[in-house]
Amino acid sequence: MRVAIQSNGFVMTIALRMYTEQRLSVALGWACHHMRKLAVSLSDINGPRGGVDKRCKIQVQLSGGREVIIE
């Protein structure tokens with residue numbers, strides 16, 4: 001399974017990447033044999049205005065060809 005984690009609008013720190021990978025492993029580890037690709041996109045909604053306004057979008061491509069998107 002390929003895993004891609006990217007950020008948009010803020011710096012992806014090593015700690016944030018490790019935390020994201022750990023949470024994915026706990027939440028989706030049971031299904032890793034059924035997934036072909038997993039893409040996580042973390043973004044800042046308000047951009048330079050600041051505030052607590054982050055978005056997490058997860059796209060999973062299953063081995064049967066179906067795609068699941070969670071936001």
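Preceding this section is the structure that the text describes.
Just so it is clear, the structure is predicted and the values come from calculations on it, not from any experiment. (Residues numbered from 1 in each chain as written. Predicted model: local features only at pLDDT ≥ 70, side-chain atom pairs only at ≥ 80, totals over all residues. Heavy atoms only, no water.)

Trainee: Looking at this structure, how should I read the state of the cysteines?
Mentor: The term disulfide refers to a covalent linkage connecting the sulfur atoms of a pair of cysteines. The full count for this structure, using the stated rule, is zero disulfides. Of the cysteine sulfurs around C32, a residue in no disulfide, the closest is that of C56, at 19 Å. Here C56 falls in the partly exposed class, since its relative accessible area comes to 34%. (Disulfide = S-S within 2.5 Å. Buried < 20%, exposed > 50% of the residue type's maximum accessible area, 1.4 Å probe, protein only.)

Trainee: Got a minute to help me understand the environment of Q59 in this structure?
Mentor: The topology assignment puts Q59 in strand β3 (residues 54–62). Distance from Q59 to Q22, taken between C-alpha atoms, is 17 Å for residues 37 residues apart in sequence. Here Q59 is in contact with K37, L38, A39, E67, V68 and I69, once residues within four sequence places are set aside. (Helix = DSSP H or I, 4+ residues; strand = E, 2+ residues; numbered from the N terminus. Contact = heavy atoms within 4.5 Å.)

Trainee: Where do I start with the layout of surface pockets in this structure?
Mentor: Picture a little ball the size of a water molecule; that probe, rolled over the atoms, points out where space is still empty. The calculated volume of the largest pocket comes to roughly 300 Å³. What lines the largest pocket is a set of 14 residues, and nearest its centre among them are Y19, T20, R23, L42 and C56. Of all the secondary-structure elements, those providing two or more residues to the lining of the largest pocket are α1 (14–28), β2 (35–44) and β3. With seven residues, the top contributor of residues to the lining of the largest pocket is α1. In the lining of the largest pocket, the residues fall into 11 nonpolar, one polar and two charged. (1 Å grid on protein atoms, 1.4 Å probe; cavity = no way out; pocket = protein on both sides within 12 Å on 5 of 7 lines; lining within 4 Å. Points joined across faces, edges and corners; volume = space filled by probe spheres on them. Nonpolar A, V, L, I, M, F, W, Y, C, P; charged D, E, K, R; others polar.)

Trainee: It is not clear to me how α1 should be interpreted in this structure. Could you clarify?
Mentor: Because the α-helix completes a turn every 3.6 residues, residues three or four places apart line up on one side. With 15 residues, α1 ought to run about 21 Å at 1.5 Å a step, and its terminal C-alpha atoms sit 21 Å apart, in line with that. Among the residues of α1, those classed as buried are T20, L24 and L28. Mapping the buried residues of α1 onto a view down its axis gives an arc of 35 degrees, with all of them on the same face. Facing away from the buried side of α1 by more than 90 degrees, the exposed set consists of I14, A15, M18 and V26. For α1, the elements touching its buried residues are β1 (2–8), β2 and β3. (Expected span 1.5 Å × (residues − 1). Arc of directions from axis to C-beta.)

Trainee: So what exactly am I meant to see when it comes to the packing of aromatic side chains here?
Mentor: Each aromatic ring pair is described using two quantities: the centre-to-centre distance and the angle formed by the ring planes. Within the structure shown, the criterion is met by zero aromatic pairs. Here K54 stacks its cationic end above the ring of F10, 5.5 Å away from the centre of that ring. (Phe/Tyr/Trp six-rings, centres within 6.5 Å; stacked < 30°, edge-to-face > 60°. Lys NZ or Arg CZ within 6 Å of the ring centre and 35° of its normal.)

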